[in-house]
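Below are the chains, spelled out letter by letter.
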Amino acid sequence: MNEFYKHIYDKQKAVQDMPSNKAIAQWAINVLHLLFPERNSKSFGSVEEIATAFQASETELYDLMLKTKACSTCDIKKVAKQFFVQLPTIYRTMLTDAQAILDGDPAAKSMNEVIRTYPGFLAICIFRLAHELWEQEIPLIPRILTEYAHSKTGIDIHPGAFIDEYLHIDHGTGIVIGETCRIGKHVKLYQGVTLGALSVEKNMANTQRHPIIEDHVIIYAGATILGGETVVGHHSTIGGNVWLTSSIAPYTTVYHQPNSKFIDAKPLA
């Protein structure tokens, strides 16, 4: 047992200075609080104070990457700087997602409501932050961020996926979007949608394994679309519970035809 205890102790020493997953997730939440004061009660007295807060967040990102040994071959200070250079563009894209939800959900009363309460908006915002770090080849941290969003919302988006503007996630619970999935503009996903791989062999790691969803597609609850060669053409509609493993042309509607039986119930005496 002493050998086992020493093994655990050595592992503990190797990671003792690493920030927790909670600390990494909190950094992302703090960024969202800066971008969307609707989510945060803290106020700033001047533009300079806001600039200082963003600079502090950049320093925190640098520290997180340094302590997690995120990248031994890249300039993490440059990565942190580049992330915040890109942040206005990421923010603009987040606003399109909020607008898509507001425009597409009759229950949404205001942009403020979408930003503060909708789990789909939270999940896609965290994804967009994580994806930027993924694009800069930072390991570990992007996955920690999207798994945090997964734990909070039930929406599982791999940080490597590509998602264009105006994504509307309606309800969202149970959605899975795989690493090599590509989603176009103005796409609407309902709960329980899976955009996954037909096969998960390890030797497929660097291949297109997940489907391509073109612009203006609606995918209803429980639909499963699989395979790297599967393309859903633009302006198509995929009905609930559809299982799709082959491409469809633009403007196509695919629906599942249930074989349901109805039995008249006799009233109780």
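Residues numbered from 1 in each chain as written. Predicted model: local features only at pLDDT ≥ 70, side-chain atom pairs only at ≥ 80, totals over all residues. Heavy atoms only, no water.

Draft legend 1. Layout of the sheet that holds strand E3 (residues 168-169). Strand order in the open sheet formed by five strands is E3-E6-E9-E12-E14, with parallel pairing between adjacent strands. For this open sheet the edge positions go to E3 and strand E14 (253-254), each flanked by a neighbour on one side alone. (Pairing = 2+ DSSP bridges. Helix = DSSP H or I, 4+ residues; strand = E, 2+ residues; numbered from the N terminus.)

Draft legend 2. Representation of helix H7 (residues 141-153) within the structure. Given a rise of 1.5 Å per residue, 13 residues ought to cover 18 Å, and the 18 Å separating the end C-alpha atoms of H7 matches this to within 8%. When we look at burial in H7, the residues that qualify are Ile141, Pro142, Ile144, Leu145, Thr146, Ala149 and Thr153. As for H7, its buried residues are in contact with helix H2 (21-35), helix H3 (47-67), helix H6 (119-135) and strand E1 (156-157). Just beyond H7, the residue with positive phi is Gly154, at close to 75 degrees. (Expected span 1.5 Å × (residues − 1). Buried < 20%, exposed > 50% of the residue type's maximum accessible area, 1.4 Å probe, protein only. Contact = heavy atoms within 4.5 Å.)

Draft legend 3. Main features of the packing of H2 against H6. Orientation of H2 relative to H6, taken along the N-to-C sense of each, is 110 degrees, at an axis distance of 11 Å. By the angle between their axes, H2 is roughly perpendicular relative to H6. Between H2 and H6 lies a crossing of right-handed hand. Within the contact between the two elements, H2 uses Trp27, Ala28, Ile29, Val31 and Leu32 and H6 uses Leu122, Cys125, Ile126, Leu129 and Leu133. Among the residues forming the contact of H2 with H6, the class breakdown is ten nonpolar, no polar and no charged. (Axes fitted to C-alpha atoms, helices over the stretch in contact; angles between N-to-C directions. Parallel < 35°, antiparallel > 145°, perpendicular 65-115°, else oblique. Left-handed = near helix turned anticlockwise from the far one by under 90°. Nonpolar A, V, L, I, M, F, W, Y, C, P; charged D, E, K, R; others polar.)

Draft legend 4. The side chain of Arg209, seen in detail. Looking at where Arg209 falls in the secondary structure, it is placed in the loop between strand E7 (194-196) and strand E8 (212-213). Under the relative-accessibility criterion, Arg209 is labelled buried at 12%. Once residues lying within four places of it in the same chain are set aside, the contact partners of Arg209 are Glu179, Thr180, Gly196, Ala197, Leu198, Met204, Gly227 and Gly228.

Draft legend 5. Structural detail: the sheet that holds strand E11 (residues 231-232). Within the open sheet, the four strands sit side by side as E2-E5-E8-E11. Their pairing is parallel. Since the sheet does not close on itself, it has two edges, and those belong to strand E2 (162-163) and E11, each with one partner. Of the pairings in the sheet, the one linking E2 to strand E5 (residues 182-183) comprises two bridges and is parallel in character. Residue pairing across strands places Phe162 opposite Arg182, the latter belonging to E5.

Draft legend 6. Region of the structure containing the packing of H3 against helix H4 (residues 76-104). Across the interface, H3 lies against H4 with an axial gap of 9 Å and an inter-helix angle of 140 degrees. Considered as vectors, H3 and H4 are oriented oblique to each other. Handedness of the H3/H4 crossing: right-handed. Within the contact between the two elements, H3 uses Phe54, Ser57, Glu58, Leu61, Tyr62, Met65 and Leu66 and H4 uses Ile76, Lys77, Val79, Ala80, Lys81, Phe83, Phe84 and Leu87.

Draft legend 7. Seen up close, a nonpolar patch on the surface. Together, Met1, Phe4, Tyr5 and Ile8 make up a nonpolar patch on the protein surface, roughly 460 Å² of accessible area in all. On the secondary structure map, Met1 appears in the segment before helix H1 (2-15). Classification of Met1 as exposed rests on a relative accessible area of 66%. (Patch = residues over 30% accessible without salt bridge, like charges linked within 9 Å, V, L, I, M, F, W, Y side chains within 5 Å. Areas by Shrake-Rupley, 256 points an atom, 1.4 Å probe, with all protein chains shown as cover. Salt bridge = Lys/Arg side-chain N within 4 Å of Asp/Glu carboxyl O.)

By themselves, these observations are geometric and do not establish any function.
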